[in-house]
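Summary of structural features
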Amino acid sequence: GPGKAPVRDVVGAARAADANIVVVGRRPPRGGLKERLVGDIAHNILAESPCHVLVAGWQSGMWQQRILLASDGGTASDAAAELCGQIAKVCGVPVTIVSAVANDRQREEAAADAAHKAGLMRLEGVDCDSRVVLGAPADAIIEAARELGADLVVVGHHRGKGLQRVIAGSVTDRVIGSLSCAVLVVKPAQEVAEVEAAIAKQS
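Residue indices begin from 1 for each chain and proceed along its sequence in written order. A pLDDT threshold of at least 70 governs which residues receive local features in this predicted model, and a stricter bar of 80 or more applies before side-chain atom pairs are shown or counted, although totals over entire chains, interfaces and linings include all residues. As a rule here, side-chain values come from all non-hydrogen atoms in the structure, and water together with hydrogens is ignored.

Turning next to the overall build of the protein. Under the DSSP-based scheme used, a helix requires at least four consecutive residues in state H or I and a strand at least two consecutive residues in state E, with every element numbered from the N terminus. The number of helices and strands found in the protein is eight helices and seven strands. A simple rule labels every residue: compare its accessible area, found with a 1.4 Å probe on the protein chains alone, to the largest value its type can have, and call it buried under 20%, exposed over 50%, or partly exposed in between. Looking at the 203 residues of the protein, the share that counts as buried comes to 42%. When the accessible surface of the protein is totalled, it reaches about 11200 Å², and 53% of it is carbon and sulfur. Each accessible area value is a Shrake-Rupley result obtained with a 1.4 Å probe; residue values ignore everything except the protein chains displayed when judging cover.

Set out below in structure tokens:
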């Protein structure tokens, strides 16, 4: 069917970028806000998947125009930037890095982080720019994606605990629920310290 090509291309780009990706389809949005948000199954896959998750909506095609990378300067967004750069390079699609900040105090730090990530991508031959937006992360990402005509949005997944995880999760849910383009949720590699601790326990 017509929905097969983007998935095949995504998986091809992911393989080229040496990533493991689970692809989740999404039905057309119906009814109220609750139904527009990610379904329980997709949400559980996002939460439990050991690898990256690509949510490909019924309208999403292969990206040709622009990839939007949502960055919050954390370790999750570093992993997202790396994978985003690899996919952009394989596909020859420009990237815009968007950082949302709550106040002007955070703007300088966010701008420096985004500029650093953009610089690394340009070294890889990717056409990349960045912008810092004042506002709530989900709103900023959704608005920028629509304005830029992004056909892929890349977000980092937070493995935080408690409220931090709930907030990060709801940002991802809202982005996926509000946009018709594909959304790639990148999971950071397990922290080295965690792995070392697990190995030390076994020896």
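That covers the picture; the talk isn't over yet.
A separate point is the pattern of salt bridges. By definition, a salt bridge exists where a carboxyl oxygen of Asp or Glu is found within 4 Å of a side-chain nitrogen of Lys or Arg. For the structure shown, the criterion picks out seven salt bridges. Between Arg 107 and Asp 104 there is a salt bridge, and its shortest N-O distance comes to 3.2 Å. With a gap of three residues between them, Arg 107 and Asp 104 both fall in helix H5 (residues 104–123), about one helical turn apart. Judged by its relative accessible area of 31%, Arg 107 falls in the partly exposed class. We classify Asp 104 as exposed; its relative accessible area is 53%. Residue Glu 147 pairs with Arg 131 through a salt bridge whose shortest N-O separation is 3.3 Å. Separated by 16 residues along the polypeptide, Glu 147 in helix H6 (residues 137–148) and Arg 131 in strand E5 (residues 128–134) bring together distant segments of the chain. A relative accessible area of 57% means that Glu 147 is categorised as exposed. Because the salt bridges share partners, they merge into one network encompassing Asp 78, Asp 113 and Lys 117.

Before going further, it helps to spend a moment on the environment of Ser 71. By secondary structure assignment, the location of Ser 71 is in the loop between strand E3 (67–70) and helix H4 (75–91). Accessibility expressed as a relative area gives 5% for Ser 71, which makes it buried. As a C-alpha pair, Ser 71 and Lys 117 span 46 residues in sequence and 9.2 Å in three-dimensional space. Only heavy atoms enter the contact rule, under which two residues are in contact if any of them lie within 4.5 Å. For Ser 71, the residues in contact, after removing those within four places along its chain, are Ser 77, Ile 97, Val 98, Ser 99, Ala 100, Asp 113 and Lys 117. Any pair of N or O atoms that falls within 3.5 Å is considered a polar contact. Within protein, one atom must be able to donate a hydrogen and the other to accept it, and sequence-neighbouring residues count only if both atoms are side-chain atoms. A polar atom in the side chain of Ser 71 sits 3.4 Å from the side chain of Ser 77. A distance of 3.5 Å separates the side chain of Ser 71 from the side chain of Lys 117, its partner in a polar contact.

Within a predicted model, pLDDT stands for the predictor's per-residue confidence, ranging from 0 to 100. Within the protein, residue pLDDT values average 76, and 60% of them lie at 70 or more. Across the protein, the element-wise mean pLDDT spans from 48 in helix H2 (residues 33–36) up to 95 in E3. Considering only residues more than four positions removed or in separate chains, one finds that residues 33–37, a stretch of pLDDT under 50, has eight contacts.

Counting 25 residues, the largest nonpolar core has Trp 63, Ile 67, Leu 69, Val 95, Met 121 and Val 154 as its most contacted members. Elements with a minimum of two residues in this core: strand E2 (52–57), E3, H4, strand E4 (95–101), H5, strand E6 (152–156) and strand E7 (182–186). Residue contributions to this core peak at six residues, all from H4. Core analysis: the next-biggest nonpolar cluster, separate from the first, contains 20 residues, Ile 141, Leu 179, Cys 181 and Val 185 among them. We define a nonpolar core as any set of buried Ala, Val, Leu, Ile, Met, Phe, Trp, Tyr and Cys residues linked to one another through side-chain atoms lying within 4.5 Å.

Looking at the secondary structure, you find Lys 117 in helix H5. With a relative accessible area of 4%, Lys 117 lands in the buried category. For Lys 117, the contacting residues outside a window of four places in its chain are Ser 71, Gly 73, Ser 77, Asp 78, Ala 81 and Ile 97.

Once that is clear, we can look at H6. Because an α-helix packs 3.6 residues into every turn, residues spaced three or four apart end up facing the same way. For a helix, the expected span equals 1.5 Å multiplied by the residue count minus one. Spanning twelve residues, H6 covers 16 Å between terminal C-alpha atoms, matching the ideal 16 Å at 1.5 Å per step. Residues of H6 that are buried: Ala 138, Ala 140, Ile 141, Ile 142, Ala 144 and Ala 145. Immediately downstream of H6, the backbone of Gly 149 shows phi near 65 degrees, a positive value.

Next up on the list: the pairing of E3. On E3, burial covers both faces: Ile 67 and Leu 69 on one face and Leu 68 and Ala 70 on the other are all buried. Relative to E6, E3 runs parallel, the two sharing three bridges. By the bridge assignment, Leu 69 is partnered in E6 with Val 154. One bridge is not enough; two strands pair if DSSP finds at least two bridges between them.

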